[in-house]
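An overview of the molecular structure
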Amino acid sequence: MVPRTNSEGTPSGTRLLLVDDEPSILDSVGRYLSFVGYHVRTAATGREALNAARDFLPELILLDIMLPDADGLEVLRRIRSDELPVAVIFLTARDSRRDVVAGLTAGGDDYITKPFGLDEVTARVEAVLRRTRQNRPDPVLRVADLELDTVGLQVQRAGKPLHLSPTEFRLLRYLMLHHDRVLTRAQLLEHVWSYGFGGDAGVVANYISYLRRKVDAEGPQLIHTQRGIGYALRTPAS
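Source: prediction; values computed, not measured.

A count of helices and strands for the protein chain gives eight helices and twelve strands. Across the 238 residues in the protein chain, those meeting the buried criterion constitute 45%. If you take every contact in the protein chain between residues at least 6 apart in sequence, the share linking residues at least 24 apart comes to 60%. With an accessible surface of roughly 11600 Å², the protein chain has 50% of that area assigned to carbon and sulfur atoms.

Glancing now at the packing of aromatic side chains. Applying the stated criterion to the full structure yields three aromatic pairs. With a centroid separation of 5.6 Å and an interplanar angle of 75 degrees, the aromatic rings of Trp193 and Tyr207 are classed as edge-to-face. With Trp193 in the loop between α7 (185–192) and α8 (201–215) and Tyr207 in helix α8, this pair connects stretches of sequence that are 14 residues apart. Ring pairs connect the aromatic residues Trp193, Tyr207 and Tyr210, which therefore count as one cluster.

Most of strand β4 (residues 87–92) is tucked away, with six of its six residues classed as buried. Across five bridges, strand β3 (residues 60–64) lies against β4 in parallel orientation. Residue pairing in the sheet places Leu62 in a bridge with Ile89 of β4. Handedness of the β-α-β unit built from β3, helix α3 (residues 72–81) and β4 comes out right-handed. Here four bridges tie β4 to strand β5 (residues 110–113), and the two strands are oriented parallel to one another. Within the sheet, the bridge partner assigned to Leu91 lies in β5 and is Ile112.

Right, let's talk about the sheet that holds strand β12 (residues 230–233) for a bit. By definition, the strands of a sheet pair up through backbone hydrogen bonds, in either a parallel or an antiparallel sense. Taken together, the three strands give an open sheet; going across it, the order is β10-β12-β11, and neighbouring strands pair in antiparallel fashion. Where the open sheet ends on each side, the last strands, each with one partner, are β10 (183–184) and β11 (223–226). By the bridge criterion, four bridges tie β11 to β12 in an arrangement that is antiparallel. Looking across to β12, one finds that Ile223 is bridged to Leu233. Packing against the sheet, helix α6 (residues 166–177) makes contact with β10 and β12, and its axis sits at approximately 70 degrees to β12. The strands touched by α8 within the sheet are β11 and β12, with β11 carrying the most contacts at an inclination of about 150 degrees.

Taken as a whole and assessed by the stated rule, the structure comprises 17 salt bridges. With its nearest N and O atoms 3.1 Å apart, the salt bridge here joins Arg124 to Asp110. Of this pair, Arg124 sits in helix α5 (residues 118–133) while Asp110 sits in strand β5, and the two are 14 residues apart along the sequence. Residue Asp145 is joined to Arg157 by a salt bridge in which the shortest nitrogen-to-oxygen separation is 2.8 Å. Of the two residues, Asp145 is situated in the loop between β6 (140–143) and β7 (146–149) and Arg157 in strand β8 (residues 154–157); the sequence distance between them amounts to twelve residues.

In contact at an axis separation of 10 Å, helix α1 (residues 23–35) and α5 are set at 55 degrees when each is read in the N-to-C sense. Between α1 and α5, the interaxial angle falls into the category oblique. The interaxial crossing formed by α1 with α5 has right-handed handedness. Between α1, through Ser28, Val29, Tyr32 and Leu33, and α5, the contact on the second element is made entirely by Leu118, Asp119, Val121 and Thr122. For the contact of α1 with α5, the per-class residue count stands at five nonpolar, two polar and one charged.

Glancing now at the nonpolar core. Counting residues in hydrophobic clusters, the biggest one holds 48 residues, and the most contacted among them are Ile61, Leu63, Leu146, Leu172, Leu188 and Leu233. The dominant element in this core, judged by the number of residues it contributes, is α6, at six residues. Ignoring sequence-local partners within four residues, the contact set of Leu172 consists of Leu146, Leu148, Val155, Leu164, Leu211, Val215 and Leu233. Counting residues in each nonpolar core, the second largest holds 21 residues, with Val36, Phe116, Val121 and Leu129 among its members.

Thresholds, definitions, all that
Residues numbered from 1 in each chain as written. Predicted model: local features only at pLDDT ≥ 70, side-chain atom pairs only at ≥ 80, totals over all residues. Heavy atoms only, no water. Helix = DSSP H or I, 4+ residues; strand = E, 2+ residues; numbered from the N terminus. Buried < 20%, exposed > 50% of the residue type's maximum accessible area, 1.4 Å probe, protein only. Contact = heavy atoms within 4.5 Å. Areas by Shrake-Rupley, 256 points an atom, 1.4 Å probe, with all protein chains shown as cover. Phe/Tyr/Trp six-rings, centres within 6.5 Å; stacked < 30°, edge-to-face > 60°. Pairing = 2+ DSSP bridges. Right-handed = clockwise from strand over helix to strand, strands pointing away. Axes fitted to C-alpha atoms, helices over the stretch in contact; angles between N-to-C directions. Salt bridge = Lys/Arg side-chain N within 4 Å of Asp/Glu carboxyl O. Parallel < 35°, antiparallel > 145°, perpendicular 65-115°, else oblique. Left-handed = near helix turned anticlockwise from the far one by under 90°. Nonpolar A, V, L, I, M, F, W, Y, C, P; charged D, E, K, R; others polar. Core = buried A, V, L, I, M, F, W, Y, C linked by side-chain atoms within 4.5 Å.

This is how it looks when you write it as structure tokens:
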């Protein structure tokens, strides 16, 4: 079989996250999707899935509902609350109408029951990507002369590339999604830091400082502190 190339809705390096606690599925499905051209990352637990979703920013997640540390529906809820623009296909041994409706109601885009064929998985992935890409928001976030590309994972200001760590990238993305709004330290810890991190607000202040040194080094200040509350990325006054 010849791997497919991409014009629209086909692999060509599209990032997929495969989440399942069965090693055989991670191996066989992961290998097959990689072979046909997808860039695949795998996870075996809900915690790994959320961390990977935040760092890897996949376009689609194949998500098992029954994970050892979390329900797949709860994982999806967390992903949606983080405002990650990702399609989700549930993988599950549950095939009752009630289970299917629960998955779709929770925000899933499709539902595949086990056992399944590799060709079926690929066909479902391609169909969901074609459908969701029609309504996918612009992958580039822009505030003033600052741009963040959620597909290319690149950041630039006034055309100059900025080199950010994964955590800095996640923090800046969340600030840009909510620009001109003050976000509390608790909100940033919840939506930016790794699932189960359990850190304190001090780490937020540290990373805001790191970001300022890069983002605000050569232009009007964008990142502001609201004393006693949190931080905001604001459009400069014209």
